[in-house]
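Below, each chain spelled out in residue letters.
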Protein chains: 2
Amino acid sequence: MNKVLNIEKLKVSCKQCSLKELCFPHGMDGDDITKLDNVVDAHSVKKNDYLYREGDVCRALYAVRSGCVKTTVQNAAGDSQIVGFHLPGELVGFDGFATDVHACSAQTLETASVCELPLDNLENLCANIPGLQKQMRRIMGIEVNNDHELLLLLGKMNADEKLATFLLNVSLRMKQRNWKEDEFNLSMSRQDIANYLGLAVETVSRLFAQFQDNGIIKVDKRHVEIINMAALREIISDCQGGTQQRNG
Amino acid sequence: MNKVLNIEKLKVSCKQCSLKELCFPHGMDGDDITKLDNVVDAHSVKKNDYLYREGDVCRALYAVRSGCVKTTVQNAAGDSQIVGFHLPGELVGFDGFATDVHACSAQTLETASVCELPLDNLENLCANIPGLQKQMRRIMGIEVNNDHELLLLLGKMNADEKLATFLLNVSLRMKQRNWKEDEFNLSMSRQDIANYLGLAVETVSRLFAQFQDNGIIKVDKRHVEIINMAALREIISDCQGGTQQRNG
DNA sequence: CGTCTGCTTGATTGACATCAAATGGTGTGG
DNA sequence: CCACACCATTTGATGTCAATCAAGCAGACG
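What counts and how
Residues numbered from 1 in each chain as written. Chains lettered and ligands numbered in written order. Predicted model: local features only at pLDDT ≥ 70, side-chain atom pairs only at ≥ 80, totals over all residues. Heavy atoms only, no water. Helix = DSSP H or I, 4+ residues; strand = E, 2+ residues; numbered from the N terminus. Rg over C-alpha atoms; globule rule 2.2 N^0.38 Å. Contact = heavy atoms within 4.5 Å. Areas by Shrake-Rupley, 256 points an atom, 1.4 Å probe, with all protein chains shown as cover. Buried area = accessible area lost by both parts, 1.4 Å probe. Salt bridge = Lys/Arg side-chain N within 4 Å of Asp/Glu carboxyl O. Least-squares fit on C-alpha atoms with pLDDT ≥ 70 in both. Pairing = 2+ DSSP bridges. Axes fitted to C-alpha atoms, helices over the stretch in contact; angles between N-to-C directions. Buried < 20%, exposed > 50% of the residue type's maximum accessible area, 1.4 Å probe, protein only. Domains from an automatic or database assignment. Parallel < 35°, antiparallel > 145°, perpendicular 65-115°, else oblique. Left-handed = near helix turned anticlockwise from the far one by under 90°. Nonpolar A, V, L, I, M, F, W, Y, C, P; charged D, E, K, R; others polar.

(A) Representation of the overall build of chain A. Scanning chain A for helices and strands turns up seven helices and twelve strands. Rg of the C-alpha trace for chain A: 19 Å, near the compact-globule value of 18 Å for 248 residues, within the 12% margin. When contacts within chain A are restricted to residue pairs at least 6 apart in sequence, long-range pairs at least 24 apart make up 72% of them. Here chain A has roughly 11200 Å² of accessible surface; of this, 47% comes from carbon and sulfur atoms.

(B) View of the interface of chain B and chain A. The interface of chain B with chain A comprises 49 residues on the first partner and 49 residues on the second. In total, about 4500 Å² of surface goes out of reach between chain B and chain A, with carbon and sulfur atoms giving 60% of it. In terms of surface lost to chain A, no three residues of chain B exceed Arg137, His148 and Leu151 of chain B, which account for 15% of the buried area on that side. Linking chain B with chain A are two salt bridges.

(C) Summary view of the relation of the copies chain B and chain A. Between the two copies, chain B and chain A, the superposition gives an RMSD of 0.0 Å; the rotation angle is 180° and the shift along the axis is 0.0 Å. The relationship between the two copies is best expressed as a two-fold rotation axis. With an isologous cut-off of 70% or more, the 100% of interface residues of chain B that recur at the interface of chain A puts this contact in the isologous class.

(D) Fine view of the sheet that holds strand 12 (residues 223-226) of chain B. Residues and elements named next belong to chain B. Reading across the sheet, the three strands line up as 10-12-11 and stay open at both edges, with antiparallel pairing between neighbours. The open sheet has two edge strands, strand 10 (183-185) and strand 11 (217-220), and neither has a second partner. For this sheet, the mean angle separating the axes of adjacent strands, direction not counted, is 15°. As paired elements, strand 10 and strand 12 share three bridges and run antiparallel to each other. Residue pairing for strand 12: phenylalanine 184 is matched across the bridge by valine 224. Against the sheet, helix 6 (residues 201-213) touches strand 11 and strand 12, its axis set at about 130° to strand 11.

(E) Structural view of the side chain of histidine 102 of chain A. Residue and element names in this part refer to chain A. The residue histidine 102 is located in the loop between strand 7 (91-92) and strand 8 (105-108) in this model. The class of histidine 102 is buried, set by a relative accessible area of 3%. With residues up to four places along the chain from it excluded, the contact list for histidine 102 reads Tyr52, Arg53, Glu54, Gly55, Asp56, Val57, Cys58, Gly93, Asp95 and Gly96.

(F) Spatial organisation of the domain arrangement of chain A. Residue and element names in this part refer to chain A. For chain A, the assigned domains are domain 1 (10-153) and domain 2 (158-236). Distance from the C-alpha centre of domain 1 to the C-alpha centre of domain 2: 25 Å. Listed by partner, the interface residues are 17 residues for domain 1 and 15 residues for domain 2. A combined buried area of about 1500 Å² lies between domain 1 and domain 2, and 60% of that area is made up of carbon and sulfur atoms. Looking only at domain 1, the three residues that lose the most surface to domain 2 are Phe85, Leu87 and Leu153, adding up to 42% of its buried area. Seen at the junction of domain 1 and domain 2, the total is three salt bridges.

(G) Geometry of the pattern of salt bridges. Within this structure, the stated rule accounts for twelve salt bridges over all chains. Two residues, arginine 137 of chain B and glutamate 123 of chain A, come together in a salt bridge whose shortest N-O distance is 3.3 Å. Pair noted here: arginine 137 of chain B is in helix 3 (residues 132-156) and glutamate 123 of chain A is in helix 2 (residues 119-128), and the two residues belong to different chains. For glutamate 123 of chain A, a relative accessible area of 32% puts it in the partly exposed group. Salt bridges linked by common partners bring Glu90, Arg173 and Arg177 of chain A together as one network.

(H) Structural view of the packing of helix 4 (residues 159-176) of chain B against helix 7 (residues 229-236) of chain B. Residue and element names in this part refer to chain B. The geometry of helix 4 relative to helix 7 is characterised by a closest axis approach of 8 Å and an angle of 130° between their N-to-C directions. On the basis of their axis angle, the class for helix 4 and helix 7 is oblique. The two elements helix 4 and helix 7 cross, and the hand of that crossing is left-handed. Contacts from Asp160, Glu161, Ala164, Thr165, Leu167, Leu168 and Ser171 of helix 4 reach helix 7 at Met229, Leu232, Arg233, Ile235 and Ile236. Per-class residue counts for the contact of helix 4 with helix 7 are seven nonpolar, two polar and three charged.

(I) Expanded view of the pairing of strand 6 (residues 80-86) of chain A. All names here are of chain A. When you tally the buried positions in strand 6, you get six out of seven residues, the bulk of the element. Bridging between strand 5 (residues 69-74) and strand 6 involves six bridges; their strand directions are antiparallel. From the neighbouring strand, threonine 71 faces strand 6, where its bridge partner is glycine 84.

In structure tokens, the structure reads:
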């Protein structure tokens, strides 16, 4: 079905990219970004194509330029878990660093554009650009922390807290990109959201309806408008006598 | 209550450490390990003390030498999720790389000994030892992959699959340390196991009993003997018509 | 126009959490 | 050495949240 990408390369400039502060060049000066520009190529990737699959040799990191990419892990029994939705400016591919073979698959949710940073070039670059190693550690640290947040969500939250957390997280990332924080289009299906949050599709659907009935959001298919941000926050910090899970 | 550690330092030698191939020095040659030895100190840490807490400035990485360390994330509502149990040879502290402030707390489960690698020294070292950056990336990559495995567990497995996976994982790590893979003492309480697996203590307790009744394991408090390894594996790869969750 | 796919809504079930209480081991103080 | 309190663990009874089963609906596409 969906092939691994193999599209014409396109020269891009990190220096002029509006995402640079969210992305790899974060905090770097002009000269260093130029060195980075020399090794970065962009690709266009069709909807549902893979950047890489579990088992592929890890040759590069990928920065999302436009569109949205999901990363997925699989187990022996065949079921898979989405471990991340990656928006423009975010990096994908660290799952290949442990063994030089990818432990995840990365697939686009819509037609996307991604920048490729070949690893051997990156290694040279790290030697030439002071502070780039630290940058690398910082970005991987972010990945680790994101995963931990998701662990907390999957391990300790009930359904409505999960969806509220998800919506607030998307909202925050929209804001970081200078897009509207209270109105956006989700690039993922209900199925994908359900998988990511460890829920059934039906539950996600019902929760969207419920949130809308309570005047917290307005939903039309994938278009979401947050009416009452505070109410969303309240759902997840519901410390007092409400529904609570104890296993902590 | 439990204070952050502040114990006398103790000079150690990575070169002579039996854990070196599992730990940071993995694959390094003698000269490079000597450089490493110069910056590493060991501490003894009492049971239930913290290596660091969420919010602490990140100054060092820690390698477990003996004992067991758990790392925990917390949310606004106050509940916390254990994100890792760290055995001898494993590294702790990457959660501080994103912002230079720890996003996790790290606490010992029993009296432990840990090696401290101060970050500023580590940075210098990376400049002097070729391939050390890559080592760093490799180890962080392992951390990322471990987290992903746990995400899969929390998101897609039911209770018995979770415990079976946990036991097999511990068994594997025992084997890697040249200890018995089918007989060991767990350093964590039922409560900790339950928290880690996203279950209630009672459920964990019942599952231990059930596994024992089925002749898969023998349990006496924290002492576990695996009688039928294959049966454990079967539980988690139970593809056919049994109990199944669909949300994938 | 019919088929397909993604989404929604309703009814029912079940896995696991919660509540409650008993048990057993450990440490303390008399 | 015993009595007692305390904690972790186990075991049993009950409750509930979300999964599952089952239609129905709307937009996309050939």
